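In case you want the letters, here they are:
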Amino acid sequence: IQKRIESGVQPIICVKGGKVSDYNGKSLLAIGVSTILIEPEMEAVADLREWMTLYYNITNFIHLSVSCTTTLSEISSMQLKVLESFPIYRVIATMKEMKTDEFYYNACINVVNAQQCGRKTTQTANGWFCSYCNIEFANMEFKYALKMCIKDSSSHVWAIAFQEVAQEIVGMPAKELATMRYENYLALSLHIDGIRSKIYNFKIWSKLEKYQDMTCC
Ligand SMILES: [Zn+2]
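Residues numbered from 1 in each chain as written. Predicted model: local features only at pLDDT ≥ 70, side-chain atom pairs only at ≥ 80, totals over all residues. Heavy atoms only, no water.

Filter applied, for reference: UniProt positions are given in the numbering used here, feature names are shortened, and annotations may be inferred rather than shown by experiment.
Per an unreviewed UniProt entry, the protein goes by Replication factor A C-terminal domain-containing protein and derives from Selaginella moellendorffii. Of the comments in the UniProt record for the protein, the one headed Sequence similarities (unreviewed entry) reads "Belongs to the replication factor A protein 1 family."

See the structure below:
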């Protein structure tokens, strides 16, 4: 695939049973059960090639999966039918509650191919160890894993906002919020009140699982 792309060809790749990941941007992963076919001789591939030749460069793409909003109760009922897939929804909702005891994790600061690893580290006697990089560092970075209960007029769900999104919602880096929590709890409460007073346009990646049997009312 790499050789074809380097030679200027855009190969059509069919993936069955792939996994779509939202970590550090969209990516499509092949896993154990995946099947990958490069330019298979199929009518659909020929049609797609013809369409690409004519229209690809002049088409404005609309992301259908996130182009319209859904209510939270619709998401809850749809989750029961989509155990094997992880659809993305857009919802207009407010933040009802957010967890202020465990809102960040200690992220790996190792940089690989100009991108920070960012995975969770474990504390050791001398610093922080990342099992993915197999490296121990003296420091780590506070990164958000903000657990929040969001609600609209139909229902509520618990969701987790990670680094960039959480920072946009909270309006400050995770380390700053942690400092505020330890040094000035009243300021933290007032700040959270401000977050709760806004209406958000959330993009939710949905996966059916219970978080510590938690319910929100
Ligand atoms: Zn790492």
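A word on helix α4 (residues 163-170)
Selection rule: Exposure classes here rest on a 1.4 Å probe applied to the protein chains alone. A residue is buried below 20% of its type maximum, exposed above 50%, and partly exposed in between. Helical segments are the DSSP runs of H or I of at least four residues, strand segments are the runs of E of at least two, and each set is numbered from the N terminus. This arc describes the spread of directions from the helix axis toward the C-beta atoms. Here, residues are in contact when the closest pair of their heavy atoms is within 4.5 Å.
Listed in full, the buried residues belonging to α4 are Q163, A166, I169 and V170. Angularly, the buried residues of α4 cover 130 degrees about the axis, an arc narrow enough to put them on a single face. Away from its buried face, by an angle of more than 90 degrees, α4 presents the exposed residues E164 and E168. Residues of α4 that are buried sit in contact with β5 (88-98), β12 (141-151), β13 (156-162), α5 (174-183), α6 (185-196) and β14 (199-205). Taken from the residues just after α4, G171 is the one with a positive phi, measuring 85 degrees.

A word on unusual backbone geometry
With a phi close to 45 degrees, E39 is a non-glycine residue in the positive phi region. Relative to the helices and strands, E39 is located in the loop between β4 (35-38) and α2 (43-55).

Quick look at the pairing of β12
Convention followed: A pair of strands is treated as paired once DSSP finds two or more bridges between them.
Burial runs high along β12: nine of the 11 residues are buried. The pairing of β5 with β12 spans four bridges and is classified as antiparallel. What sits directly across from M95, in β12, is I150. Both strand β6 (residues 104-107) and β12 contribute to a ladder of four bridges, which runs antiparallel. Within the sheet, the bridge partner assigned to Y104 lies in β12 and is Y144. Strand direction decides the pairing type here: β12 and β13, joined by seven bridges, are antiparallel.

Describing the coordination of the zinc ion
Rules: Coordination here is defined by N, O and S atoms within 2.8 Å of the metal (3.2 Å for Na, K and Ca), and since water is not considered, a site can look incomplete. Geometry is assigned from the angles between donors: four donors with all angles from 85 to 135 degrees make a tetrahedral site, four or six donors whose opposite pairs exceed 155 degrees while the rest stay between 65 and 115 make square planar or octahedral sites respectively, and everything else is labelled irregular.
Each protein donor to the zinc ion is listed here as C108 (SG), C117 (SG), C130 (SG) and C133 (SG); together their distances run 2.3 to 2.4 Å. One can describe the site at the zinc ion as tetrahedral: its four donor atoms subtend angles covering 104 to 117 degrees at the metal. All donors of the zinc ion belong to a single chain; written as a sequence motif, their spacing is C-x8-C-x12-C-x2-C. Residue C108 is found in the loop between β6 and β7 (111-112), and its partner C130 is found in strand β10 (residues 128-130); the two are separated by 22 residues along the sequence.

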